[in-house]
Amino acid sequence: MMKREHWGSRLGFILAAAGSAVGLGNIWKFPYMAGENGGGAFLLIYLALVFTIGLSVMLAEMVLGRMAEKNAIGAFAKLKGGAWPLIGFCGVAAAFIILSFYSVVAGWTISYMVKSVTGALAIEDPDQLGSLFGGFISDPVSPLIYHAIFMVLTVFVVLSGVGAGIERASKILMPALFALLLVLIVRSVTLPGAEAGITFLLSPDFSKVTWTTVSDALSQAFFSLSLGMGAMITYGSYLSKKENIASSAGWVTLLDTMVAVMSGLLILPAVFAFGFDPSAGPGLTFITLPAVFAQMPFGSFFAFLFFLLLAIAALTSAVSILEVVVAYFVDDRGISRKSASITVGVIIFLMGIPSSLSLGIMGDFTIFGMGFFDLMDFVSSKLLLPIGGLFISLFVGWVVWGKAKEDIALHNGIVPFWINAWGIIVKFIAPVAIAFILLKGLGVL
Ligand code: PHE
């Protein structure tokens, strides 16, 4: 058997895993969800969930991957078998679903990069920007072209391999992402009137909090940290046994959370400084923000940087989603990386078409009262990821607990002092809390 490829360095792994985690979820979704859900209150609940359940599931996934040295399905098959690989199958299904609509939104960001260069975005009136956005996403052709371009880029990185493709791309793109983020935050928080946005994000208003807020925060945590689908199992499977895996899991969680909070600090102060509504929803980044940029000196330039930031963040995440599927076909089905990447890429492109069209000409077609795009988002982030996380916790806590403890201690032979706290979380707290929050959020309890 061929020896499994490993990450070239610890930094390479952390940047690749952080690249997976940091994405549209942080920069596009997080600020508008915080904006809709009372700002600081949402932030506090989100942080509490990330550093208990999120961090624990992150470590659980990485450990599973490293122990098995296998993809998301193969890991469960190798470590236990029985019905357990079904968790991996759900993960692979989630990967198809998520990437199909994720790539559509990522395509919008590329189109908005182009629009900021051509000057098409230099409009100060949010209503006009709203019609521009609405007109663009409901167009039957143009968004599909950008969706195709984005999928081609994603496929290209994945077919180049783990080291030469994913790791190398992450090492170039992630530092660029952090630099862009810093430049844009400095610009945003130094705008006159920006304090209102900072106060909004940092002072909690608990009157807006309901069980839906909590379940939104939970699904946002899973989506943002790339958990529940096997992305971190897959990336963990390329880790060497010498790595301090717990510290890597901590770094990735911390970086992802920092970028979410920083994106809030980038977007909300700018929105407040120009007197816009923070609860504008998904349009916040595509409608409100261009209006903000249009009113600043060198606005087109900052708009371009912002959409470039979004596109980079989306690309490194999309790569990890595609890798979940490709690793399965390469490990367990004996298909070459190149054929697997291209074939799966084409299928996901096709699956994205109804999502894109549901925002326009297919708008009247609904399932359970939702358009195709919203349905895909709902099924994956609200159901598949949290449920995946629940079973991953149970598996690590009850089925392979002894081996998992050993794996964590591999790098220096010392079982860390917090191991029992982690055990209590994966065995009891995470499964019960996830089940409870899910049922509450769905209105079943
Ligand atoms: N974490 C990514 C984001 O925040 C999306 C993602 C979800 C990536 C699930 C991998 C797995 O945008």
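For the structure itself, look to the data block above.
Residues numbered from 1 in each chain as written. Predicted model: local features only at pLDDT ≥ 70, side-chain atom pairs only at ≥ 80, totals over all residues. Heavy atoms only, no water.

1. What about the site of the ligand?
Here is step 1 of the chain: In the neighbourhood of the ligand, 14 residues make up the surrounding shell, with A21, G25, Y102, F223 and S226 lying closest.
Here is step 2 of the chain: At a separation of 3.2 Å, an oxygen atom of the ligand approaches a polar side-chain atom of N26.
Here is step 3 of the chain: For the ligand, the protein covers 100% of the area, taking 330 Å² as the surface of the free molecule.
Here is step 4 of the chain: Counting residues per element, the ones that place at least two in the shell around the ligand are α1 (10-21), α2 (24-36), α10 (211-224) and α14 (299-332).
Here is step 5 of the chain: Of the residues contributing to the shell around the ligand, the split by class is six nonpolar, eight polar and no charged. (Near = heavy atom within 4 Å. Polar contact = N/O pair within 3.5 Å; in protein donor to acceptor, adjacent residues only side chain to side chain. Areas by Shrake-Rupley, 256 points an atom, 1.4 Å probe, with all protein chains shown as cover. Helix = DSSP H or I, 4+ residues; strand = E, 2+ residues; numbered from the N terminus. Nonpolar A, V, L, I, M, F, W, Y, C, P; charged D, E, K, R; others polar.)

2. Some points on a positive patch on the surface
Here is step 1 of the chain: Taken together, the side chains of K78, K80, K241 and K403 make up a positively charged region of the molecular surface.
Here is step 2 of the chain: With respect to the secondary-structure elements, K78 resides in helix α4 (residues 72-79). (Patch = residues over 30% accessible without salt bridge, like charges linked within 9 Å, V, L, I, M, F, W, Y side chains within 5 Å. Salt bridge = Lys/Arg side-chain N within 4 Å of Asp/Glu carboxyl O. Lys, Arg positive; Asp, Glu negative; His and termini not counted. Charge placed at Lys NZ, Arg CZ, Asp CG, Glu CD.)

3. Things to note about helix α6 (residues 126-137)
Here is step 1 of the chain: Between its first and last C-alpha atoms α6 spans 16 Å; for 12 residues at 1.5 Å apiece the expected length is 16 Å, and the two agree.
Here is step 2 of the chain: Looking at α6, one finds that the buried residues are L129, F133, F136 and I137. Buried positions in α6, seen along its axis, are confined to an arc of 90 degrees and lie on one side of it. Summarising the geometry of α6, the exposed residues directed more than 90 degrees from the buried face are D127 and S131.
Here is step 3 of the chain: Its buried side turned inward, α6 meets α5 (85-118), α7 (142-159), α13 (288-294) and α15 (337-357).
Here is step 4 of the chain: Taking the backbone nitrogen of D127 as reference, a side-chain oxygen 3.0 Å away marks D125 as the first, capping residue of α6. (Expected span 1.5 Å × (residues − 1). Buried < 20%, exposed > 50% of the residue type's maximum accessible area, 1.4 Å probe, protein only. Arc of directions from axis to C-beta. Contact = heavy atoms within 4.5 Å.)

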